[in-house]
Amino acid sequence: MSSQNLPQSTESPLRSEQGRKPRVAVVFGGRSSEHGISVVTAGAIMSAIDRTKYDVLPIGITRDGRWALTSDDPARMAIADRQVPDVDQLAESGQGVVTLSVDPGNRDVVVGEPGSVPTVLGEVDVVFPMLHGPYGEDGTLQGLLELSGVPYVGAGVLSSAVGQDKEYMKRVFTSFGLPVGPYEVVRPREWESDRPAARKRIMEFAAENGWPLFVKPARGGSSMGITKVDDAAGLDEAIEEARRHDPKFLVESLLRGREIECGVLEFEDGPRASVPAEIPPVTAHDFYDFEAKYIDSAAGLVPAPLTDEQTAEVRRLAVAAFEAASCEGLVRADFFLTDDGTFVINEINTMPGFTPISMFPRMWQASGVEYPELVDRLITAALNRSTGLR
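What counts and how
- Residues numbered from 1 in each chain as written.
- Predicted model: local features only at pLDDT ≥ 70, side-chain atom pairs only at ≥ 80, totals over all residues.
- Heavy atoms only, no water.
- Pairing = 2+ DSSP bridges.
- Helix = DSSP H or I, 4+ residues; strand = E, 2+ residues; numbered from the N terminus.
- Axes fitted to C-alpha atoms, helices over the stretch in contact; angles between N-to-C directions.
- Contact = heavy atoms within 4.5 Å.
- Buried < 20%, exposed > 50% of the residue type's maximum accessible area, 1.4 Å probe, protein only.
- Arc of directions from axis to C-beta.
- Phe/Tyr/Trp six-rings, centres within 6.5 Å; stacked < 30°, edge-to-face > 60°.
- Lys NZ or Arg CZ within 6 Å of the ring centre and 35° of its normal.
- pLDDT = per-residue confidence, 0-100.
- Salt bridge = Lys/Arg side-chain N within 4 Å of Asp/Glu carboxyl O.

### Observations regarding the sheet that holds strand β9 (residues 213-217)
Move 1: Spatially, four strands are ordered β8-β11-β9-β10 in an open sheet, and the strand pairing comes out antiparallel. The open sheet has two edge strands with one neighbour each: β8 (183-186) and β10 (227-229). Neighbour-to-neighbour, the strand axes of this sheet turn through a mean angle of 25°, independent of strand direction.
Move 2: Where β8 and strand β11 (residues 249-253) come together, four bridges link them in antiparallel fashion. In the sheet register, V186 faces β11, and the bridge partner there is F249.

Listed below in structure tokens is the structure:
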């Protein structure tokens, strides 16, 4: 796919109307277990934003939920010595709190220090919410921004929530006729009130679909909290690990086949799919887990070695998933190409990783959209999209 065939980004209307550069608040960190990866992703985004076109305001959310101004130094936001960074390391103050007005007529960001008069940092024109997992990617931050009347990059409240909750994501996909694999959901009240009955249901699922199983948090990402279970002996430990991240968890059967990913980006004429990628078998890991993705830099194949027919089908399904969940901006759709030649959708990610090794930007680079242009398109689209019902 050549970039010459793609609609061109348009300059933000704010610059010509107000004679100033739009201010982009990059919000990252957060209270989920994906805090560190969110920081890494935000660092990559901040490095790519065109500072001649936009002002950047970095806002980190600490693990306990405090909003803080942070250093605008992407180099400090990278993985170092196999350790992910933390907002507390980047915050300019250990006590200052950043607030955003919930008055739609006032987009000012204010920072306050104990014993000091609050300082108005100026108006924010758009938010780039680089939060992964609960308390950010799940519609909660999107709801706050809707109340504040501040445009933002990516999916809205409902589609963010659907994209975060694997149970309801699968229910939505099924209702639209998209193929999903076998799964079982165990909700918190079930597990806490009648653990033997819930465990019996899982064992019946295993008897029907076979071992191994994958036990995973219902509302999480970055492969955190997921365990591959080969037999009943490891089940309870896997459940507790999943519940450490989310009291609701899923059990899924192993789908034998190839892991294929596809990016979706919203253009002026609607959503388009990138060339797909393949995640090859990871020999040093049981599956494509957190360590493989972010620490050991497992390399995907871009483009995926598929037939023309398979490529067309997975791109069609990726756009269909984007539309089914009413997404906006961007999505990474993950599939299995099973041994019988059928594509099964595993999940979508409404705010996929943007680290230097992340598959979403790599797929779009292979499709003719370089990293800086990808970031610019997302910001421009958000600036041109209103908040509220749409």
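So, next bit.
### Here we look at the side chain of S38
Move 1: By the secondary structure assignment, S38 is in helix α2 (residues 35-48).
Move 2: If near-sequence neighbours (up to four positions away) are discounted, S38 is found in contact with F28, G29, M130, L131 and H132.

### Some details on helix α9 (residues 235-245)
Move 1: Those residues of α9 that sit buried are L235, A238, I239, A242 and R243. All buried residues of α9 fall inside an arc of 135° around its axis, so they share one side. Facing away from the buried side of α9 by over 90 degrees, the exposed positions are E237 and R244.
Move 2: Elements in contact with the buried residues of α9: α7 (188-193), α8 (195-209), β9, β10 and β11.

### Describing the environment of G133
Move 1: Looking at the secondary structure, you find G133 in the loop between β7 (126-130) and α4 (140-148).
Move 2: Separated by 216 residues in the primary sequence, G133 and N349 have C-alpha atoms spaced 9.8 Å apart.
Move 3: In contact with G133, not counting residues within four places along its chain, are S32, E34, D138 and Q164.

### Some thoughts on the packing of aromatic side chains
The description of an aromatic ring pair rests on the distance of the ring centres and on the angle between the ring planes.
Move 1: The final tally for this structure, using the stated rule, is five aromatic pairs.
Move 2: Note on F335 and F343: the rings are 6.3 Å apart at their centroids and 80° apart in plane angle, and the pair reads as edge-to-face. Accessibility assignment for this pair places F335 and F343 in one class, buried.
Move 3: Put simply, the rings of F354, F360 and Y371 touch in pairs and so form one group of aromatic residues.
Move 4: Residue placement shows R31 over the ring face of Y135; its charged tip is 4.0 Å from the ring centre.

### Description of the confidence of the model for the protein
Move 1: Here the protein averages 89 in pLDDT, and 88% of its residues register 70 or above.
Move 2: Residue range residues 8-17 is modelled with pLDDT below 50. Its contacts to residues more than four positions away, or to other chains, number 22 contacts.

### Things to note about the pattern of salt bridges
Move 1: Under the definition given, this model contains 32 salt bridges.
Move 2: Between E190 and R201 there is a salt bridge, and its shortest N-O distance comes to 2.4 Å. Residue E190 is located in helix α7, and its partner R201 is located in helix α8; the two are separated by eleven residues in the primary sequence.
Move 3: Among the salt bridges present, the one from R377 reaches E373, with a minimum N-O distance of 3.0 Å. Of this pair, R377 and E373 both sit in helix α13 (residues 371-383), four residues apart, which is roughly one turn of that helix.
Move 4: Under the relative-accessibility criterion, E373 is labelled partly exposed at 24%.
Move 5: Via salt bridges that share partners, E146, E266, E328, R385 and R390 belong to a single interconnected network.

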